[in-house]
Amino acid sequence: MGNIITKSRMVRAWYMDNSTEDQRLEHHQTPQKFLSLDDLAESTGVLHWKLDADSYLEDPQFEKIKRERGYSYQDLIEVSPSTLPNYEEKIKNFFAEHLHTDEEIRFVLAGSGYFDVRDLEENWIRVEVTQGDMIVLPAGIYHRFTLDTNNYIKALRLFVGEPVWTPYNRPADEMECRQEYLQKNTICNLASTPNGPGKGRGKEENTPDNVGLWSPLPLLRPHRPNYQGLLSNPIKILLSLCTPSWQLLWSMVISPHAAYPLHTPTPSRATTSPEYSPLRPFPPPSIPPTIQLISRIFLPPIHQLLFQLGSSKSPS
Ligand SMILES: CSCCC(=O)/C(O)=C/O
Ligand SMILES: [Fe+2]
Ligand code: NI
C-alpha cells in the first residue's frame, strides 16, 4: 500500500446525519455538531489516547495502558481491498450495528477510518481515527466501523486474554454485557459533576475523579450535548421540572452519604482532594446505616426506571 498517506491529527468526533449516502463520507449534521473527547467518554464510555505510532514499541505510555488495563494479546489487522481476505463481506459486517462481550481496543498504526458509536439517546457519534489513535469501545456498546475514502487502515487489535471477536448484531439488548453497559452508563458514569463535563468518569478506576460524583440526574444536566432533545416527551418534561428540587435534595442530603460508600473502597485521596464541593464531604461526617442501605438499594433502580421511561417513549 505504498501510496497511502497517513497523517496524525487530533481525533475528532461528531454527531452524524441520517443520510444513506456512501458510508465512507463524513456524514456531518447541518450545522456540524462536534463533541469533545470528554463528552464522548461521558456520553458513551469510549476512551481515547493519542500516542506515537512510530515508536509505540518503546513508548512507556503504551506499555502503561496495556499493563493497567490488562491487555495481554495483540495482533495486526490491515483493512483495504487488497490486504483483507473477504474484504467485501468483512466491510459489510464491520458496518452492521453490533456489540461485543468485551472491549474493542484498536491502535491505529497507519491509515484512517471511522468508529461509529451509539449514545444512550440513540444518536450515532462518528469518531475519526488516524495514525496514533488508540480507542477503546466498552463491552456492550452498539457500534460499527467503516473505512473512509482513503480505503486503508492498519491497526493493532488488543485484548484481555484469549481474543473473542464475535459480533452480536443489534438487537442484542438482553445480553448481560449490554445490560451492564447500560447500568454503568446511566447511573454511575453519566454523573453530574461539580467540575463540569468529563470529570465524572475517567480512564482509571477508583480515583477521586470517579468517586463521590454519583447523581441520579444524568439526563438533566444542561451541559450534556443532547440536553435539548431530552425535552421531547411528557416524561422527560416532568423529569426536568423535578430537577431543581431533586437535585437539591440529592446533593445536600443523600449524595454525601450515598456516594462515598458506593464508589470508593479506598478513600485515600478523598479527604484531601480540592476538587470536591463542600456539599459532598469526604469521608461523610457520619453515615447512618439506614440511609446507606436505602440509597444503595432503592435509588439506582428507581432512577434507571425513570431514565428508561424518559429515553424510550419517543425519539429525541
Ligand atoms: C480498524 S479494525 C476493523 C474493525 C473491527 O475490527 C471491528 O471489530 C469493528 O467493530
Ligand atoms: Fe466491533
Ligand atoms: Ni500500496
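About the cut-offs
Residues numbered from 1 in each chain as written. Chains lettered and ligands numbered in written order. Predicted model: local features only at pLDDT ≥ 70, side-chain atom pairs only at ≥ 80, totals over all residues. Heavy atoms only, no water. Core = buried A, V, L, I, M, F, W, Y, C linked by side-chain atoms within 4.5 Å. Buried < 20%, exposed > 50% of the residue type's maximum accessible area, 1.4 Å probe, protein only. Contact = heavy atoms within 4.5 Å. Salt bridge = Lys/Arg side-chain N within 4 Å of Asp/Glu carboxyl O. Helix = DSSP H or I, 4+ residues; strand = E, 2+ residues; numbered from the N terminus. Near = heavy atom within 4 Å. Polar contact = N/O pair within 3.5 Å; in protein donor to acceptor, adjacent residues only side chain to side chain. Areas by Shrake-Rupley, 256 points an atom, 1.4 Å probe, with all protein chains shown as cover. 1 Å grid on protein atoms, 1.4 Å probe; cavity = no way out; pocket = protein on both sides within 12 Å on 5 of 7 lines; lining within 4 Å. Sits in = over half its atoms within 2 Å of the grid points. UniProt positions renumbered as here; feature names shortened; annotations may be inferred.

### Brief notes about the nonpolar core
Argument step 1. By size, the foremost hydrophobic cluster in this structure holds 27 residues, and its most contacted members are V79 and I125.
Argument step 2. With near-sequence residues (within four places) excluded, I125 lies in contact with A13, W14, Y15, L35, L40, S43, T44, F115, D116, V117 and D119.
Argument step 3. Of all hydrophobic cores here, the second largest spans 15 residues; its members include I65, I105, L109 and V136.

### Overview of the pattern of salt bridges
Argument step 1. What the rule picks out here adds up to 15 salt bridges.
Argument step 2. D116 is paired through a salt bridge with R144; the nearest N and O atoms lie 2.7 Å apart. Taken together, the residues D116 in strand β5 (residues 104-118) and R144 in strand β8 (residues 143-147) connect sequence positions 28 residues apart.
Argument step 3. Of the residues examined, R144 reaches a relative accessible area of 12% and is grouped as buried.
Argument step 4. Connected through shared salt-bridge partners, E97, R118, E122 and R170 make up one network.

### As for helix α1 (residues 37-44)
Argument step 1. Most of α1 sits inside the fold, with 6 of its 8 residues counted as buried.
Argument step 2. Turning to α1, its buried residues number three or more, namely D39, L40, A41, E42, S43 and T44.
Argument step 3. One or two residues past the end of α1 sits G45, with phi positive at roughly 85°.

### Examining the site of ligand 1
Argument step 1. Neighbouring ligand 1 are the residues I77, F94, H98, H100, E104, R106, H143, F145 and I153.
Argument step 2. One of the side-chain N or O atoms of E104 is found 3.0 Å from an oxygen atom in ligand 1.
Argument step 3. The side chain of H143 places a nitrogen or oxygen atom 3.2 Å from an oxygen atom of ligand 1.
Argument step 4. When isolated, ligand 1 has an accessible area of 320 Å², and the protein chains bury 96% of it.
Argument step 5. The cavity that encloses ligand 1 is the second largest pocket.

### Focus on the side chain of E104
Argument step 1. If you trace the backbone, E104 turns up in strand β5.
Argument step 2. We classify E104 as buried; its relative accessible area is 9%.
Argument step 3. A polar contact is formed between the side chain of E104 and the side chain of H100, at a distance of 2.7 Å.
Argument step 4. Only 2.9 Å separates the side chain of E104 from the side chain of H143, close enough to count as a polar contact.
Argument step 5. Excluding anything up to four places from it in sequence, E104 contacts H98, F115, I135, V136, L137 and H143.

### A short note on the UniProt feature "binding site: Fe(2+)" (unreviewed entry) in the chain
Argument step 1. UniProt marks H98, H100, E104 and H143 with the feature "binding site: Fe(2+)" (unreviewed entry), using the numbering shown here. The annotated residues occupy 46 residues of the chain but converge on a single region, no pair of C-alpha atoms lying more than 11.4 Å apart. Those annotated residues lining the second largest pocket are, specifically, H98, H100, E104 and H143.
Argument step 2. In this fold, H100 is placed in the loop between β4 (98-99) and β5.
Argument step 3. Note on H100: relative accessible area 9%, which makes it buried.
Argument step 4. With residues near it in sequence (within four places) discarded, H100 still touches A139, G140, H143, W165, T166, P167 and C177.
Argument step 5. A distance of 3.2 Å separates the side chain of H100 from the side chain of H143, its partner in a polar contact.

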